[in-house]
Amino acid sequence: MTAIRSTLLSRSAPSIPLASQLYEPLVKGILRHRLYKIFLHSALFCWALVTLWMTWSRGGMFGMSAKESLLLPLKPSTLAFTAATFLVGALPVVVLRKTHLVASPTPATSPSKILSGALQKRSTSHALMTYLVSSLSLLLIHILITGAYDSSAPASARLTLFVKSRKHPYYLNGHLVYVLLSQVAVAYACLLRCVLLDRFAVRWAPTLASQGDNKMKSFGLARVVTVGLTTLVYTLLVTVAHLAVFAFARSIALPLLYQLPFVHMVLRPFTAHFLRGAWTVTLLTRHWSLVSRAFYLGLTTIAIWEYAESAFDAIVAEPAAVAHQTADPGLALVSGITSADVYLKHFAYAELRDFSSESSPAASARRTALFADQKYNPSMWSTLARESLVTLGRDYQLLLRRGKPETPAAAAPAAPKQDVPLPAPATPLIRTKVYKPAQSSPLHAALDTFSSDGPLAAAVSETADAGASHIPELFRSVMPTSPQAKAVETVKKAEENVAALVTQTKGKWKDGLCGALCGYLPKAVVQTASRVKSWWMRDRVHRVAETSLPNRYMDALAAEALCRLTCASLTEDRYGVVQRDIPRIIEALLSFLTALEEYQTELNATYALPPPDQLQQLSPKELAEKETLAMEAARAGEVLSVVSDAVKDGIVQIVRTFGDKLSAFKLPPRIARKLQGFVDYN
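Bear in mind that the values here come from a model prediction, so they are computed numbers and not experimental data. (Residues numbered from 1 in each chain as written. Predicted model: local features only at pLDDT ≥ 70, side-chain atom pairs only at ≥ 80, totals over all residues. Heavy atoms only, no water.)

Colleague: Whenever I open this one, the overall build of the protein chain confuses me. Can you help?
Modeller: Broken down by element type, the protein chain carries 24 helices and zero strands. Of the contacts made within the protein chain by residues no fewer than 6 positions apart, 81% connect residues no fewer than 24 positions apart. Only carbon and sulfur atoms are counted for the fraction: they give 64% of the accessible area of the protein chain, which is about 41,400 Å². (Helix = DSSP H or I, 4+ residues; strand = E, 2+ residues; numbered from the N terminus. Contact = heavy atoms within 4.5 Å. Areas by Shrake-Rupley, 256 points an atom, 1.4 Å probe, with all protein chains shown as cover.)

Colleague: Is there a simple way to think about the side chain of Ser388 in this case?
Modeller: On the secondary structure map, Ser388 appears in helix H14 (residues 380-400). Classification of Ser388 as buried rests on a relative accessible area of 1%. Here Tyr349 takes part through its side chain, which lies 3.4 Å from a polar atom of the side chain of Ser388. Sequence-distant contacts of Ser388, that is, excluding residues within four places in its chain, are made with Ile337, Tyr349 and Leu562. (Buried < 20%, exposed > 50% of the residue type's maximum accessible area, 1.4 Å probe, protein only. Polar contact = N/O pair within 3.5 Å; in protein donor to acceptor, adjacent residues only side chain to side chain.)

Colleague: What's the story with the pattern of salt bridges in this structure? I'm lost.
Modeller: For side chains bearing opposite charge, pairing can occur when the charged atoms are close. This structure, assessed with the given rule, holds 18 salt bridges. Across the salt bridge formed by Arg193 and Glu306, the nearest N and O atoms sit 2.8 Å from each other. Pair noted here: Arg193 is in helix H6 (residues 174-196) and Glu306 is in helix H10 (residues 288-316), with a separation of 113 residues, a long-range link. Glu560 serves as the salt-bridge partner of Arg564, at 3.9 Å between the closest nitrogen and oxygen. (Salt bridge = Lys/Arg side-chain N within 4 Å of Asp/Glu carboxyl O.)

Colleague: What's the story with the environment of His126 in this structure? I'm lost.
Modeller: Structurally, the position occupied by His126 is in helix H5 (residues 122-149). Sequence separation of His126 and His100 is 26 residues, and the distance between their C-alpha atoms is 9.4 Å. Once residues lying within four places of it in the same chain are set aside, the contact partners of His126 are Leu96 and His100.

Colleague: Could you clarify how one ought to interpret the packing of helix H11 (residues 329-336) against helix H12 (residues 342-357) in this entry?
Modeller: The relative placement of two packed helices comes down to the angle between their axes together with the axis-to-axis distance. Close contact between H11 and H12 brings their axes to 8 Å; oriented N to C, the two are set at 145 degrees. The handedness of the crossing between H11 and H12 comes out as left-handed. Between H11, through Gly330, Leu333 and Gly336, and H12, the contact on the second element is made entirely by Lys345, Ala348, Glu351, Leu352 and Phe355. (Axes fitted to C-alpha atoms, helices over the stretch in contact; angles between N-to-C directions. Left-handed = near helix turned anticlockwise from the far one by under 90°.)

Colleague: Would you mind showing me how to read the nonpolar core here?
Modeller: Generally speaking, nonpolar side chains in soluble globular proteins are found buried as a group. With 118 residues, the main nonpolar core has Tyr343, Phe347, Leu352, Trp381 and Leu384 as its most contacted residues. Ranked by the residues each element gives to this core, the list is headed by helix H23 (residues 620-658), at 12 residues. When residues no more than four places from it in sequence are discounted, the contact partners of Tyr343 are Leu31, Leu101, Ala103, Val202, Trp204 and Val316. (Core = buried A, V, L, I, M, F, W, Y, C linked by side-chain atoms within 4.5 Å.)

Colleague: Help me out: how do you make sense of the confidence of the model for the protein chain in this one?
Modeller: Low-confidence regions, as indicated by low pLDDT, have predicted coordinates that should not be scrutinised in detail. For the protein chain, per-residue confidence averages 81 on the pLDDT scale, and residues scoring 70 or more make up 77% of the total. Below a pLDDT of 50 lies the segment residues 211-218, which in the model reaches 11 contacts outside its immediate sequence neighbourhood of four places, other chains included. Within the model, the stretch residues 474-478 combines pLDDT values under 50 with three contacts to residues more than four positions away or in other chains. (pLDDT = per-residue confidence, 0-100.)

Colleague: Can you walk me through the packing of aromatic side chains in this structure?
Modeller: This model, assessed by the stated rule, comprises 12 aromatic pairs. Ring plane angle 75 degrees and centroid distance 5.9 Å describe the contact between Phe371 and Trp381, whose orientation is recorded as edge-to-face. In this pair, Phe371 sits in helix H13 (residues 361-371) while Trp381 sits in helix H14, placing the two residues 10 residues apart along the sequence. For Phe371, a relative accessible area of 1% puts it in the buried group. For Trp381, a relative accessible area of 0% corresponds to the buried category. The interplanar angle of 65 degrees and the centroid separation of 5.9 Å between the aromatic rings of Tyr396 and Phe592 together place this pair among those described as edge-to-face. Remark: Phe592 occurs in helix H21 (residues 582-607) and Tyr396 occurs in helix H14; sequence separation between them is 196 residues. Taken together, the ring pairs in this structure connect Trp204, Tyr343 and Phe347 into an aromatic cluster. For the cation-ring pair, Arg193 lies above Tyr234, with the distance from its terminal atom to the ring centre recorded as 5.6 Å. (Phe/Tyr/Trp six-rings, centres within 6.5 Å; stacked < 30°, edge-to-face > 60°. Lys NZ or Arg CZ within 6 Å of the ring centre and 35° of its normal.)

Colleague: Would you mind going over a nonpolar patch on the surface with me for this structure?
Modeller: Taken together, the side chains of Leu40, Leu44, Trp47, Leu74 and Leu79 present a nonpolar region at the surface, about 490 Å² in accessible area. Per element, the largest residue contribution to the nonpolar patch is three residues, and it comes from helix H1 (residues 24-57). Among the structural elements, Trp47 can be located in helix H1. The class of Trp47 is partly exposed, set by a relative accessible area of 31%. (Patch = residues over 30% accessible without salt bridge, like charges linked within 9 Å, V, L, I, M, F, W, Y side chains within 5 Å.)

Colleague: For this particular structure, what's the right way to read the environment of Ser116?
Modeller: Mapped onto the elements of the fold, Ser116 is located in helix H4 (residues 111-118). Sequence separation of Ser116 and Val195 is 79 residues, and the distance between their C-alpha atoms is 10.0 Å. At a separation of 3.0 Å, a polar atom in the side chain of Ser116 contacts the main-chain carbonyl oxygen of Lys113.

Below, the structure is given as structure tokens:
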């Protein structure tokens, strides 16, 4: 006989599926297809550049017939060099950006802090190795193309390793050294630009545009023009800087190395011919073809990297709509906003915003199902509201701290242990030896008596402890500590003294060197150096605002989604599930808005331009500083307006939708006064 199974057993409701199981695989599939799109665009760009290089190596368009010009892009050699250029030029940069992609910008307020913070990251060393290997590999491809198609070029122009000389067969080719150092300079310059622009962080501005709006999309021709202008200007700057550094190394650094003992013996067989003649401007005119060749090679290298990175920036931040691929779009979006990956969380909130604003009957039915959900525990709306409010609350606290990290709370003192009395008197334990000790020799007993752990030392220790136990508590603080504690304190003090001495010595050397240089350098150079130092070290006002709101775009999306769902609940929430959370939502949004407005008021009061009569009394330098701070304050206001505008629009929608029904909710006095302002305005 078997028992009859009951259908009245209460089963626990399942929880919301994890984002890694439901939402993240769908978004990653979309991003994978976008990555292939970036590869395709970069490969086409490399194909165009390789075609130009091979055309130039053959003497240009006028050095070939029309048929050869048309067939050159389709030749197997052109396609092979294109594949090699893509593999060593564009592909490593895209993989680097994908590997170290972050959703929030670096929390730094000045260029010096950005650079110092970047030097502590592994991504910087990876980027340096990637740029160096890529630039040198592109140089190798250029040498192969020149050697294969430019047969009329001299040996030095072919960039061989050694010069063609019987007397000195190991002299390095100066043309190769110059181009090699030029590519290294290009790699370091692009790394510096990548660090200062914080290119590993995603640009989230396109996600604020709805799917149905006419948003700016990645347009190939516009991107090519932008990349071309940026590459041209930056390559000119890098070339000028490399010429200055190369002139210094050729005229000053290399002769100084030859003055060192044993160093000249190693360098002379390879670089002795570099010391002949002085570095003059006429060398540029005599080797202008080499300088222009290095410039075009650097231009090609930077163009490949810049186009690949700009395509990555344009495509990686576009909204991804994946919820319609699932059976329950609301469940997929609620699961997505619980993701631990902030990057994927942006996509979930962007799609949730569009989900909450659709006006079709199908969208209304999906929202009704979300509000009425009782299948999951906690329900979909509870999870959505809690996760969104926690996200806004976390960034609200960061805004109040002005981007500074949270100070760890002091550890609570441990509660004193209370001795629990035993129910019956316990039998005292015998802590002495129960067996008779073995008799030792007189010599061993004497040595044991005077040993460090012998009876004599134990007796002295017991006597000292007994004496210390009778000392009043008032005088125990001045008693000598144990040797171990003294040793630890001594080591700590020594470390602090050494660190302070090193810092003081570095400061003295730095101040002395700056004073000595200021005494010998012209006044204009000193003033220029002071301005550069001030620019390098000064905290930017807008960067402080960005550090205070690192996830401002996600906060704006979360606020819009909450407000639109709240408005939709008036007609689509059949059971009043959302009504109980409306006071919390309004309080959280208005508290956030109050903090943003206080920050904006602080910026206006601190960095606003003085009246015109006071501006006329300022010196040109002070006037320029005031205008710079005012511009930065305006940019900081734009940063704050990303969230404040979204919150204001959402509150206005709630006020217009609910109207007099808002009086049914109980709100704190300050929140009620703030909300009353919106009610009076509308």
